[in-house]
Structures are given as C-alpha cells and as structure tokens.
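Descriptive analysis of the structure
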Number of protein chains: 4
Amino acid sequence: MPKVGMEPIRKEALVRATIVEIGRTGSLDVTVSQIAKRAGMSSALAHHYFGSKEQIFLAAMRHILSLYGAEVRGALVMADGPRDRLRAILRASFAALNFRREVISAWLNFYVLAQTVPEAKRLLRIYQNRLHANLVHDLRKLIGVRAEEVAQGLAAMIDGVYIREALKDSAPDGIAATAMALDYLTLQLETRA
Amino acid sequence: MPKVGMEPIRKEALVRATIVEIGRTGSLDVTVSQIAKRAGMSSALAHHYFGSKEQIFLAAMRHILSLYGAEVRGALVMADGPRDRLRAILRASFAALNFRREVISAWLNFYVLAQTVPEAKRLLRIYQNRLHANLVHDLRKLIGVRAEEVAQGLAAMIDGVYIREALKDSAPDGIAATAMALDYLTLQLETRA
Amino acid sequence: MPKVGMEPIRKEALVRATIVEIGRTGSLDVTVSQIAKRAGMSSALAHHYFGSKEQIFLAAMRHILSLYGAEVRGALVMADGPRDRLRAILRASFAALNFRREVISAWLNFYVLAQTVPEAKRLLRIYQNRLHANLVHDLRKLIGVRAEEVAQGLAAMIDGVYIREALKDSAPDGIAATAMALDYLTLQLETRA
Amino acid sequence: MPKVGMEPIRKEALVRATIVEIGRTGSLDVTVSQIAKRAGMSSALAHHYFGSKEQIFLAAMRHILSLYGAEVRGALVMADGPRDRLRAILRASFAALNFRREVISAWLNFYVLAQTVPEAKRLLRIYQNRLHANLVHDLRKLIGVRAEEVAQGLAAMIDGVYIREALKDSAPDGIAATAMALDYLTLQLETRA
DNA sequence: AATGAATGAGGATTCATTCAT
DNA sequence: GATGAATGAATCCTCATTCAT
C-alpha cells in the first residue's frame, strides 16, 4: 500500500502558502514555484494537486471566504436580537483572523482576480450577496424599507476600510475599524428607526 | 524636418492607452506592446519616452489622480460654505469623468501597484491625505473634534463604493453613489453637530 | 494470497493499450500515464514491468510484428505452389487484423521510432528481411534473377499503401489494397516469367 | 530607420534548420531552441517570427512540398508526350534535391504530423492530389480507364520507397529508386495499353 | 524621432521515473 | 504485486528591454 492521504494536507499547505505569498508581495505576481517552495514541496506537486495556478488561487479565495463566513456564523450564534446581530456581523468582519495584513492583501488581489477570472467573480459575488442578505435581514426589522440602502452603505464601508488598510504601514486596527462601522450603523438606527 | 514637440503628445497617448488597457483587462498584466499599439506607436518608443513599464504605470496614476484633483478643485470653486463644499467633494468623487469603468478598474489596480512600488504608494497617499485634509477642513467647522473620524468614514465609503463597482456588470451609477455618501454626511451633521 | 502470474497479463494489457493510444493520437507523444490508465493500472506499475517507456514501445512493436508474422505463416500453411504462396503473403499483409487504423498508425510511428532507437530499427529490419526472404523464395522459382527487384517493388508498394492509408479519412480497404499489390505481382509474373 | 527586411531571411534560415534538425534526430522531438540555435538566433526570435513551434513545422512542410513541386514542374517543362512526362515525374520524385537523408526523414515525420495537425494533413493531401492529377492526366492518354489504379500504384510505390529509405544505412540511391518505379510504369503501359 | 530586430530571463506546465509503504 | 507521492529536467512561450539604423 502506498503512502496515502497526503492530498488534503498538501492542498491546505498550498492554500496557506498562497495567501502568505500574495500577502508578502502584495500582488498576484507570485510564481507557483514560490508558493510550492513555501509549502515545502516542488512546483510539480502543486500542479499535480491543483492542475493550474488559477485553481490554486481560487482555492485560496475559497479558503478566505470560508474563514470569513465561519467567523460571521460563529458571531451570529451568540447574538440576540437584530441590533445585536448586526453588531456581531461588523465585529466579525474586522476580527483578528480576517483582518490580518496578508488576508487584507489577498482580498484586494481577489477583487483584481475577479476582473479576469469568472469563477473568482462568482465567489466574490457570493460573499457580497451573503453579507447583503444578512444585513438586510436584520435591518429590515429595525428600519424597514431603508434596510437596502443602509446595507449597501455598510458593505461599502467595510470594503473601503479593507482596501485602505492595504496602504497603511501600521498593523491593522480591527477595533478602530469596527468602531467606525458601528458608528455608522448606530447613526442610521437612531435617526431612521 | 524633425518632428518637434512630439514628446508630450506621445506621452499623453501612452498614458491614455495605459488606462484603457488596464480597464480592458482589469489587471496590471498588460504588456508594453499592447499599450504602445493602442497608442499607435512601437513599444520601443514607449520605452524611449518613459524608460520603463513602471514609469508608464506611474504616469497613468498621476494622470488619474490629477484628473480627480482637478474635478474636486473645480467643484470647490463654486461651492459656498463648509456644508456645500463637503457636498461638492463627494459629488466630484463620483463625477462622470472619474467614475468610469476603466478609471475605476485603474484605481483598483493602482492600490495593488502601491503594495509593490513605493512611488505608487506615495502617490496614493498624497491623494488620501489631500482628500482627508479637504474633508477635515470643512468638517471641523461643523462638528469640531469629530471631524477626523467622520472624514475617515467618508473616505472609506468612497473607496468602498469604487471597489464594489468593479464587480458589477451594470454601468457605474454616480448618482446613487453620491446619494449614499451624502446620506452618511447628512446623518453625521444632523446628529453630531 | 499474492497474485501470481499477473506479469504476462499486465504486460499484454499494456502492449494493447500502447497500440490503441498510438493509434488514437497518431503519434508517439503518448504518456506512460495514458497507456497505463487505458490498461487499467498505475503508471508506476507499467514501469515496474517494463522498466522504461522505450521498452513499452518496443514490446508493442514486437507484438505488431509477431501479429503480422503469424498472419503470414497462417496464410502460407494453406498455400500451394509459389504463385499461390506469393498471393497469400500479399493477402495476409492487408488482412483485417493488421490493416486496422490503429495498427497502421502504429506502423508509421514505429518507422519513426526506428530512426532514434536502434532496437526498433533492428526489429523493423527483421520484418523487412523476413518479408524479402519470403518473397524472393517464391519469386525465384517463377522469374529467376529478377526476383530481387520485384521483391523490392512489392515491399515498397506494401509500405506505401500503409503510409498512405494513414492520411485517409475513410476506413482502410484491405480488398483494394490487396488487389493493387496482386496486380503488380501478376503483371511481373506474366511479363517476365 | 530600423534594420529592416530580416524577416524572410530569418524565416528561411529557420525552415532550413528545422529540416536539418528533424533529419538529424529523425523525429519531431526537436526543440525550438535547437532549431533556433542551428539557425543562428535565439528561440525567442523564432517565436517572434513564427508564433509557435507548430507554425515552424508547417513552414518547413510547405518548403519541402514546394521544393518537390518545383522539381516536378521543372522536369515537365522539358518533357514531350505523355510517356515522357510520366517518366519525368518519377525521375523528379527521386531527384537529388528531394531524395536526401534529411528530406526523406522530414517527409516521414510530416506524415506523422498530419495525424495530429489538420493543416499538415491538408498540405500533404494537396501534394497527393497534385501528384495523382499529374499521373492520371498522362496515364489516361495511354491506358484510359485504368489510369486511376495505376496512378494509385505509382504513388504508393513512391511513398513506399521513401519510407523504406529511412531505414537504410547507406545513402539514398535515387537511380535505383527511379528504375523501380519506371519499371512498374513500363510494365503497366506495355501490358495494358 | 522612430522602429524592426534581437535576446535573456523567467514562468507555467508536463512527464518519465523513483520511492516508500 | 501495486500505487499514491514526489520531483528534476525539460520545453514552449512571453515580455521588458536594448540596439542599430
């Protein structure tokens, strides 16, 4: 019997390495060799498991999106009531696991990837739709018809904070980011409710 | 007779072509040949004028940033009072000239470029600082110490709207974008003033 | 219980698969993995049994040559007299078993292989020599000294018909091919005898 | 003004080098680098002029086919009457320019290429059709309805002689080859006319 | 000023082959 | 016997950049 069961291990290592490398260089101009090397294997093996560089990138995207999704779901479990749930979503968006240098850089680059690769666009849209649905779901109970536009505003603010973070030299500050989004939310609820 | 004074003409053609090509492909993976071809000249000439691909990109950035700067300055000239000036800045941000498909795509990609190329980062920071200074200048008169954070929020929202636009299939909607930012501003002024 | 006696079974499966794959792609650019997959095993096992890709190809050649040899011998058994024997050889050359798409393509490619691999050249020469000997053996009885050149002509015609078949879209027509060769033979015998 | 007019020179050098390399290795497993090196340039330049390896091969085919065509046309110019013309075609087929080691090897490999590359198949078919048309044209005047099958036989013999030449160690013998084909022709004409 | 010519460096991908289990 | 794991070595192709004219 052969050595077996390496596939998931290798794939995960490659996905992590991809995110690290994209974060490190700040761009998608990362070679498969670099990724493979950081993941501790040959580039040939990386191709063996993923078939192409594009698939590696997409797997990395899925990983990041699922991390984010898990964070949000986890936060919602413990939230009580629409107001609390909305706060939970915003907090999760800037939680330490997602709001890291490399992950932020990866997000930015995935937006670029989505311009070229349809599957990347699809994945990013799923994220956007899910976030929007979550926000609207709770906002509706609080501000009715204005839920839609406020959800758009919140989403824009979240993405905007992310992209601006990519320019800063200092470490990402999730607390401040959360505060800013919460402030916008509070304002809307107080005034329009 | 040698052609004289071609330099600025050639350079501008290349800058325009660069923005178009980045917008078309949605990435910085644009070859100098593509750019040069679209600008109606050989790639050798492009190098002759700019020295390197990086310089071409930077010139394109400067162009876009100066377009934006001009739009804002133009809007401010006709504005009267801090409230009106703030509105003018937001309107200028989503004015038809800046809020075009290609330009939006270029912005997104310049954020990526800034991760790698120091000069690109510097240029983008100048834009951010100027915007921030403009916003704070007028906000301070209206909401005092809270000016800083509201300026951050507005800037994040502007960038967020831009980046999200890159994912949409429909044409950019400057009116809706402006409305969203104005709404945020109004809310802040009404509540915190 | 260890599986015993698998070797000949595996080897034959690989040989058949090799011919099929060469026929399918029409070239020697066939990967060991493709061959192994079609033969229902891993490429590692293919190497285990044959040692190298080259050996797999050579085994396939031997197989095809022995198929041809068997066909000819079978035909000769039932032939009576030199004239009849010559006709039998020609008929066997275009018999259904040999004159199939894949086998024809394999022949063509084995001629190419023989340019590079000495053993392949040796095998092909054995085929040529045997055919020549067979033809001359009987021709001598009929046309004496002219046997040599007529044997050359017949052999060339056979190979020519094969190679030209590789270009056709329609299925190989053994009947027509046989008729053409027989016609040449008859002509020689009638005129020169 | 730039250095100019190199394209045809480079292209021809590459075509020649391709034929030499295919002849030398006896297969299509020739790298673009090998070809380019022999042609005295970088592989990048080879790609610049031809776009792809496949196009280089096709150009080499066209070259060989046009050489052959020219040889035949040249021979026909001086031929008088159908019998003479047929002899001229056969002689041209084995004339020194075509019946060289490398060219023979190239022919063999082009038959292989035609299995995979449609354009190669098309080119080879053009050659076959032209040869067939030429032969039939003159045969018809001499043997009427039997022209078709005799043309097939002659064509098969020509190709067969070529392919068998690829196996020999000694230098190609155009005289003997021509004699063999002429003999077949003569026989047909004498008997069936 | 302008460009065709030319290349070095690099990158994605493939594949025969080996190895550990 | 059998195979998943793993890689080194190629190979095609691209591209920024330089140069001669």
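Before reading on, note that the structure itself is shown above.
The paragraphs below set out a description of the structure included in this document. (Residues numbered from 1 in each chain as written. Chains lettered and ligands numbered in written order. Predicted model: local features only at pLDDT ≥ 70, side-chain atom pairs only at ≥ 80, totals over all residues.)

**A word on the overall build of chain A**
The helix and strand tally for chain A stands at nine helices and zero strands. Walking chain A from its N terminus toward its C terminus, one meets helices and strands in the order α-α-α-α-α-α-α-α-α. Once the C-alpha set of chain A is aligned to its principal axes, its extents read approximately 65 × 40 × 30 Å. By sequence separation, contacts in chain A at least 24 residues apart represent 65% of the contacts at least 6 residues apart. (Helix = DSSP H or I, 4+ residues; strand = E, 2+ residues; numbered from the N terminus. Contact = placed C-beta atoms within 7 Å.)

**Looking at the relation of the copies chain D and chain C**
Placing chain D over chain C gives an RMSD of 0.1 Å and needs a rotation angle of 180°, together with 0.0 Å of translation along the axis. Such values leave the two copies arranged in the relation of a two-fold axis. By C-alpha distance to the rotation axis, the residue of chain D lying nearest is D:Gly160, at 1.8 Å. Interface residue correspondence from chain D to chain C reaches 97%, placing this contact among same-surface, isologous pairings. (Least-squares fit on C-alpha atoms with pLDDT ≥ 70 in both.)

**Some thoughts on the interface of chain D and chain C**
Contacts between the two partners involve 35 residues from chain D and, on the opposite side, 34 residues from chain C. Mapped onto the side of chain D that touches chain C, the elements with two or more residues apiece are helix H6 (101-116), helix H7 (118-143), helix H8 (147-165) and helix H9 (174-192) of chain D. The leading source of residues in the side of chain D that touches chain C is H8(D), at 12 residues.

**Points about helix H6 (residues 101-116) of chain A**
In a regular helix each residue adds 1.5 Å, so 16 residues correspond to 22 Å; H6(A) covers 24 Å between its end C-alpha atoms and thus fits that length. Burial runs high along H6(A): 12 of the 16 residues are buried. Elements in contact with the buried residues of H6(A): helix H1 (6-25), helix H4 (53-77), helix H7 (118-143) and helix H8 (147-165) of chain A together with helix H6 (101-116) and helix H8 (147-165) of chain B. (Expected span 1.5 Å × (residues − 1). Buried ≥ 20, exposed ≤ 12 C-beta atoms within 10 Å, placed from the backbone.)

**Description of helix H5 (residues 82-93) of chain C**
Between the first and last C-alpha of H5(C) there are 17 Å, a value that for 12 residues agrees with the 16 Å anticipated at 1.5 Å per step. Of all the residues in H5(C), the buried ones are C:Arg85, C:Leu86, C:Ala88, C:Ile89, C:Leu90, C:Ala92 and C:Ser93.

**Observations concerning the interface of chain A and chain B**
Each partner contributes to the interface: chain A provides 35 residues, whereas chain B provides 35 residues. Looking at the side of chain A that touches chain B, the elements that each hand over two or more residues are H6, H7, H8 and helix H9 (174-192) of chain A. It is H8(A) that contributes the most residues to the side of chain A that touches chain B, 12 residues altogether. Its residues assigned to classes, the side of chain A that touches chain B shows 16 nonpolar, 13 polar and six charged. (Nonpolar A, V, L, I, M, F, W, Y, C, P; charged D, E, K, R; others polar.)

**Brief notes about the relation of the copies chain A and chain B**
Overlaying chain A with chain B gives an RMSD of 0.1 Å, the required rotation being 180° about an axis along which the chain moves by 0.0 Å. A shared binding surface is used by both copies, with 100% of the interface residues of chain A retained as interface residues in chain B.

**Concerning the packing of helix H8 (residues 147-165) of chain C against H8(D)**
Packing of H8(C) against H8(D) leaves a shortest axis separation of 6 Å and a crossing angle of 95°. Compared by their axis directions, H8(C) and H8(D) come out roughly perpendicular. Contacts from C:Gly153, C:Ala155, C:Ala156, C:Met157, C:Ile158, C:Asp159, C:Gly160, C:Val161, C:Ile163 and C:Arg164 in H8(C) reach D:Gly153, D:Ala155, D:Ala156, D:Met157, D:Ile158, D:Asp159, D:Gly160, D:Val161, D:Ile163 and D:Arg164 in H8(D). Of the residues belonging to the contact of H8(C) with H8(D), the class tally is 12 nonpolar, four polar and four charged. (Axes fitted to C-alpha atoms, helices over the stretch in contact; angles between N-to-C directions. Parallel < 35°, antiparallel > 145°, perpendicular 65-115°, else oblique.)

**Some points on the environment of A:Arg83**
Structurally, the position occupied by A:Arg83 is in helix H5 (residues 82-93). If we skip the residues at most four places from it in the chain, A:Arg83 touches A:Leu142 and A:Leu189.

**As for the arrangement of the chains**
With no contact between them, chain A and chain D keep their nearest C-alpha atoms 21 Å apart. Spatially, chain B and chain D are disjoint, and the shortest separation between their C-alpha atoms is 11 Å.

**Quick look at the packing of H1(A) against H4(A)**
Residues and elements named next belong to chain A. Interaxial distance between H1 and H4 falls to 9 Å at its minimum, and their mutual angle equals 85°. In terms of their interaxial angle, H1 and H4 are classed as roughly perpendicular. Counted together, Lys11, Leu14, Val15, Thr18 and Ile19 of H1 and Ile56, Phe57, Ala59, Ala60, His63 and Ile64 of H4 form the full contact between these two elements. A class-by-class count of the residues in the contact of H1 with H4 yields eight nonpolar, two polar and one charged.

**Re the environment of D:Phe50**
Residue and element names in this part refer to chain D. In this fold, Phe50 is placed in helix H3 (residues 43-50). For the pair Phe50 and Asp138, spaced 88 residues apart in sequence, the C-alpha to C-alpha distance is 39 Å. Apart from the residues within four sequence positions on either side, Phe50 is in contact with Leu14, Gln55, Ile56 and Ala59.

**Looking at the environment of D:Ser105**
Inspection of the secondary structure puts D:Ser105 in helix H6. The exposure class of D:Ser105 is buried, given the 23 C-beta atoms found within 10 Å. Residues within four places of D:Ser105 in sequence aside, it is in contact with C:Gln115, D:Ile22, D:Gly23, D:Gly26 and D:Ala166.

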